[in-house]
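Architecture and fold: a report
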Amino acid sequence: MAALDVAVRFALYADLAAAFGVPFFALCAAGVRTALPLRGIMIATGLVGMGLSAFGLVVIAAAMAGVPIGQVDAESISAILTGMPLGSAWAARIAGLALLVLSGFLIASRPAAALVAASAGGATALASLAWAGHGAMDEGAVGWFHLAADIAHLVTAGAWIGALLSLLLLVARPAAGTDAGHLRATHRALDGFARIGTIVVAVIVASGLANAWLLVGPSGLGALPGTLYGQLLLAKLALFAAMLGCAAMNRYRLAPMLSARIAQSDHRSAIVALRVSLALETGCAGIVLALVAWLGTLQPIISAG
């Protein structure tokens, strides 16, 4: 059951990060909207998110009742939906995903409004995951602060992952469809999102430090290498540092190189370098999501000791 819980958490993190992050990227980078399969991504991530959320609710009910998944009854599900904050968060997630799917059907006729609605729906769905994590275990003012930090962490991480997925789609376009106009739009998107990316990274770092203070505390730092929770957390931080390195290389080296090569009509090597860097950064992000899903099922150090 624990492995299934981690798997469902990971799938939800990945799907909802894309559900919010890709429309948000397209909203910020208007010049590349037509080059991205936005309608398909929005509808697919919304429907998959609903399915995963429904299955995840059953997994949670089974864990709470201490029974196999096949023995979960409607009463257990109803108790979560009507009697727990987790149930309210789940309902908000489904509403957000429904808005996302509806926006996917409207994007051809009203792209700007659809992307605003999709970003709002995706952000709501992604933020709802905070109520299934450690941020929901505290009470009072500390509890609300912890939830706010978790929500900020989730949403900004989703913005980063959505940008990575979008940029990968742009640079992975077949050579036959990659003309100078597409390349210049890709460069503008990469360069333009870098400014928003600075804010995104700052919020991720600040909210991550707040969570670490609440879950580990200064007295728990020495225990990190000797516990599974600490080892996973350290691995997550190492991968985050690697992502920052890739992002810095994209911004300060590969994006300027692409701009120069477009002017020289010799962009192949610059595109290949960008593909490799973005793929590595996205791979690190995927592993980070898996570690976060695993960490969410473990006892934090401060609570253990």
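Residues numbered from 1 in each chain as written. Predicted model: local features only at pLDDT ≥ 70, side-chain atom pairs only at ≥ 80, totals over all residues. Heavy atoms only, no water.

**Things to note about the pattern of salt bridges**
Note the cut-off: We count a salt bridge whenever a side-chain nitrogen from Lys or Arg sits within 4 Å of a carboxyl oxygen from Asp or Glu. Secondary structure elements are defined from DSSP: runs of H or I of at least 4 residues count as helices, runs of E of at least 2 residues count as strands, and each element is numbered from the N terminus. The classification of residues rests on relative accessible area computed with a 1.4 Å probe and restricted to protein chains. Under 20% of the type maximum is buried, over 50% is exposed, and intermediate values are partly exposed.
The final tally for this structure, using the stated rule, is one salt bridge. Asp5 serves as the salt-bridge partner of Arg9, at 3.3 Å between the closest nitrogen and oxygen. Pair noted here: Arg9 and Asp5 are both in helix α1 (residues 2-28), with a separation of four residues, about one helical turn. A relative accessible area of 16% places Arg9 in the buried class. Residue class for Asp5 comes out partly exposed when judged on its relative accessible area of 22%.

**Overview of the packing of aromatic side chains**
For any pair of aromatic rings, geometry is given as the distance between the ring centres together with the angle between the planes. Spelled out, the test is: The criterion for an aromatic pair is that two Phe, Tyr or Trp rings (for Trp, the six-membered ring) have centres within 6.5 Å, with stacked assigned to planes under 30 degrees apart, edge-to-face to planes over 60 apart and tilted to the rest.
This structure, assessed with the given rule, holds two aromatic pairs. Ring centres of Phe20 and Phe24 lie 5.3 Å apart, and the angle between their planes is 25°; this geometry places the pair in the stacked category. Of the two residues, Phe20 and Phe24 both sit in helix α1, four residues apart, roughly one turn of that helix. What makes Phe24 partly exposed here is its relative accessible area of 22%. Taken together, a centroid distance of 5.8 Å and an interplanar angle of 75° make the contact between Trp160 and Phe240 edge-to-face. With Trp160 in helix α6 (residues 140-171) and Phe240 in helix α8 (residues 228-263), this pair connects stretches of sequence that are 80 residues apart.

**Side note on the confidence of the model for the protein**
The cut-off we apply is this: Each residue carries a pLDDT score, the predictor's confidence in it, ranging from 0 to 100.
Here the protein averages 88 in pLDDT, while 94% of its residues score no lower than 70. Averaged over each element, pLDDT in the protein is lowest for helix α10 (residues 301-304) (50) and highest for helix α5 (residues 111-127) (97).

**Side note on the layout of surface pockets**
Our working rule: Every definition here rests on a 1 Å grid over the protein atoms only: cavities are sets of points where a 1.4 Å probe fits but cannot get out, pockets are open sets enclosed by protein on both sides within 12 Å along at least five of seven lines, and lining residues have some atom within 4 Å of a point. Grid points are joined across faces, edges and corners, and a volume is the space filled by probe spheres set on the points. Amino acids outside the nonpolar list (Ala, Val, Leu, Ile, Met, Phe, Trp, Tyr, Cys, Pro) and the charged list (Asp, Glu, Lys, Arg) are all regarded as polar, and Gly is one of them.
In this structure, the largest pocket occupies an estimated 990 Å³ of space. Residue lining of the largest pocket: 41 residues in total, with His153, Gly208, Asn211, Lys236 and Val292 positioned closest to the centre. Counting only elements with at least two residues in the lining of the largest pocket, the list comes to α1, α6, α7 (180-215), α8 and α9 (268-295). In terms of residue class, the lining of the largest pocket is built from 29 nonpolar, ten polar and two charged. The calculated volume of the second largest pocket comes to roughly 500 Å³. As for the second largest pocket, its lining consists of 23 residues, of which Met64, Leu86, Trp131, Ala132 and Ala136 are closest to the centre. Mapped by element, the contributors of at least two residues to the lining of the second largest pocket are α1, α2 (38-65), α4 (85-106) and α6. Here the residues of the lining of the second largest pocket are counted per class, giving 15 nonpolar, four polar and four charged.

**A closer look at empty space enclosed by the protein**
Under the definition given, this model contains one cavity of 30 Å³ or more. Approximately 200 Å³ is the volume attributed to the largest cavity. Forming the boundary of the largest cavity are 15 residues, of which Arg9, Leu12, Ile60, Arg93 and Ala132 lie nearest the centre. Of all the secondary-structure elements, those providing two or more residues to the lining of the largest cavity are α1, α2 and α4.

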